[in-house]
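So you can see what is in the structure, the chains are spelled out below.
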Amino acid sequence: MNNEKPITISYWLQHSGLARLEARLLVQHSLSVSHADIIAHGQRLLTANEQNTLDQLRARRLAGEPLAYLLGWREFYGRTFKVSDAVLIPRPETEHLVEAALVYLPKHGCIWDLGTGSGAIAITIACERPDAEVWAADISTEALSVAKDNATFLQATVRFGKGSWYQAQPQPAAHSVDVVVSNPPYIAVDDVHLQQGDLRFEPQQALTDHHNGLTALTAVIAGAPTFLRDKGWIMLEHGYDQGQAVRACLAQHGFMQIQTLPDLAGLDRITIGQWSDTTQTEPATN
Ligand code: GLN
């Protein structure tokens, strides 16, 4: 804001041109103050430095940068996760995937989160279910570093591996995993959404397979039988229009009990399937 005279916190909030909540969160973040502090001390004058910092954040937000990247965190399943532009911002849809995994994960079970990004899925499960053995993999060194910081901060025990899908090292033993869970890059490269909103600023590697959106989903499905125990489950997040393709792919790879769970908007979002060693004596039919 172009002011000769110093302005108060309240004045900045009222004239930022941002949504009220976003403006307040930026003030809390950059001045290291609480909501209560803002209410009590709204008439405090900003120093030139403070105003400068706030104005810069405001300009970046107005240019479309996601609030989560400006703040450096996003809430997921009631916990605060550090995020950077090396990881996808955790989404509310993904909380459904966590919920489903929590239902299907047996006591003392083993779960592997492939393409963990910020670690939101794996770490939430480790926090909710301290009895579980939780593994998480990502190909990106920067993402793994964010995920490890989150695990440390949230005191979650997660075993991290680096590499592409099932090649990640270290990794769980073959046929030792009860649930494979993944929110892989599933947006087709020509999807206009990649050019809109927050997605423009997020790592493309986490969003799209640079193809038809099904490459990563297929890789995660195809590799799962090597690691799943008999009667283990795979749970995948996917695009609203990919339910049928994911169900077909699971069936083709011999999975049973295939079902798609809708998100809160009623859209296809998560598809699950069960692996059974005993049904694999006959070639899978589709
Ligand atoms: N597993 C992470 C999440 O759900 C990252 C997903 C991704 O990068 N595609 O937020």
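It should be noted that the structure appears before, not after, this text.
Summary of the structure given here. In every chain, residue numbers begin from 1 and rise along the written sequence. Only residues with pLDDT of at least 70 get local features here, since the model is predicted, and only at 80 or more are side-chain atom pairs given and counted; chain-wide, interface and lining totals rely on the full set of residues. Side-chain measures here rest on the full set of heavy atoms in the structure, leaving out hydrogens and waters.

### Remarks on the nonpolar core
Piece 1. Core analysis: the largest hydrophobic core is formed by 31 residues, its most contacted members being Ile111, Ile123, Ile125, Val134, Val158, Phe160 and Met235.
Piece 2. Going along the chain from the N terminus, every DSSP run of H or I of four or more residues is numbered as a helix, and every run of E of two or more is numbered as a strand. Of all the secondary-structure elements, those providing two or more residues to this core are α6 (92–104), α7 (120–128), β4 (133–138), α8 (141–153), β6 (177–182), β7 (228–237) and β9 (268–274).
Piece 3. The element that contributes the greatest number of residues to this core is α7, accounting for six residues. By nonpolar core is meant a set of buried Ala, Val, Leu, Ile, Met, Phe, Trp, Tyr and Cys residues that side-chain atoms within 4.5 Å join together. Each residue gets one of three labels from its accessible area relative to the maximum for its type: buried under 20%, exposed over 50%, partly exposed in between, using a 1.4 Å probe on protein chains only.

### Observations regarding the packing of helix α10 (residues 215–227) against helix α11 (residues 243–252)
Piece 1. α11 packs onto α10 with a crossing angle of 25° between their chain directions and a minimal axis gap of 10 Å. Classified by the angle their axes make, α10 and α11 are roughly parallel. Considering how the two elements wind past one another, α10 and α11 form a crossing that is right-handed. On α11, the residues touching Leu217, Thr218 and Ile221 of α10 are Val246, Cys249 and Leu250. Every angle, taken between N-to-C directions, lies between 0 and 180 degrees, and every axis is a line fitted to C-alpha atoms, over only the stretch in contact when it is a helix. Comment on the angle field: the value is read as roughly parallel under 35 degrees, roughly antiparallel over 145, roughly perpendicular from 65 to 115, and oblique elsewhere. Crossings are classed by handedness, with left-handed meaning an anticlockwise turn of the near helix from the far one by less than a right angle and right-handed meaning a clockwise turn. Only heavy atoms enter the contact rule, under which two residues are in contact if any of them lie within 4.5 Å.

### Things to note about the pattern of salt bridges
Piece 1. Any carboxyl oxygen of Asp or Glu within 4 Å of a side-chain nitrogen of Lys or Arg constitutes a salt bridge here. Counted according to the given criterion, the structure contains eleven salt bridges.
Piece 2. Between arginine 79 and glutamate 128 there is a salt bridge, and its shortest N-O distance comes to 2.8 Å. Pair noted here: arginine 79 is in strand β2 (residues 79–82) and glutamate 128 is in helix α7, with a separation of 49 residues, a long-range link.
Piece 3. The salt bridge involving aspartate 149 is made with lysine 82; its shortest N-O contact spans 2.6 Å. Of this pair, aspartate 149 sits in helix α8 while lysine 82 sits in strand β2, and the two are 67 residues apart along the sequence.
Piece 4. Given the relative accessible area of 35%, aspartate 149 is considered partly exposed.
Piece 5. Residue lysine 82 is classed as partly exposed on the basis of its relative accessible area, which comes to 35%.

### A few points about the site of the ligand
Piece 1. Around the ligand, the neighbouring residues are Leu88, Thr94, Gly115, Thr116, Gly117, Ile121, Asn183, Pro184, Pro185 and Ala206.
Piece 2. Side-chain atoms alone can form a polar contact between residues adjacent in sequence; in general such a contact is a pair of N or O atoms within 3.5 Å, and within protein one must be able to donate a hydrogen while the other accepts it. At a separation of 2.8 Å, a nitrogen atom of the ligand approaches a polar backbone atom of asparagine 183.
Piece 3. For the ligand, a nitrogen atom lies 2.8 Å from a polar atom in the backbone of alanine 206.
Piece 4. Using the Shrake-Rupley algorithm and a 1.4 Å probe, accessible areas are obtained, with residue cover drawn only from the displayed protein chains. Compared with its free state, where it exposes 300 Å², the ligand has 96% of that area covered by protein. Here a residue is considered near a molecule or strand provided that any single heavy atom belonging to it is located within 4 Å of it.

### Focus on the packing of α6 against α7
Piece 1. The contact between α6 and α7 brings their axes to 10 Å, and the two run at 40°. Of the possible angle classes, the one that applies to α6 and α7 is oblique. Of the two elements, α6 crosses α7, and the hand of that crossing is right-handed. Along its contact with α6, which presents Thr94, Leu97, Val98, Ala101 and Leu102, the element α7 presents Ile121, Thr124, Ile125 and Glu128.
Piece 2. Considering only residue class, the contact of α6 with α7 consists of six nonpolar, two polar and one charged. Note that Gly is not counted as nonpolar here; it falls among the polar residues with everything else outside the nonpolar set of Ala, Val, Leu, Ile, Met, Phe, Trp, Tyr, Cys and Pro and the charged set of Asp, Glu, Lys and Arg.

### Brief notes about the packing of aromatic side chains
Piece 1. Note on aromatic pairs: the rings of Phe, Tyr and Trp (six-membered ring only in Trp) are paired at centre separations within 6.5 Å, and the planes decide the class, stacked below 30 degrees, edge-to-face beyond 60, tilted for the rest. One pass over the full model with this rule turns up seven aromatic pairs.
Piece 2. Seen from their ring centres, phenylalanine 76 and tyrosine 77 are 6.5 Å apart, and the 40° between their planes marks the pair as tilted.
Piece 3. Each member of the aromatic cluster is reached from another via a ring pair, and the members are Phe76, Tyr77 and Phe81.

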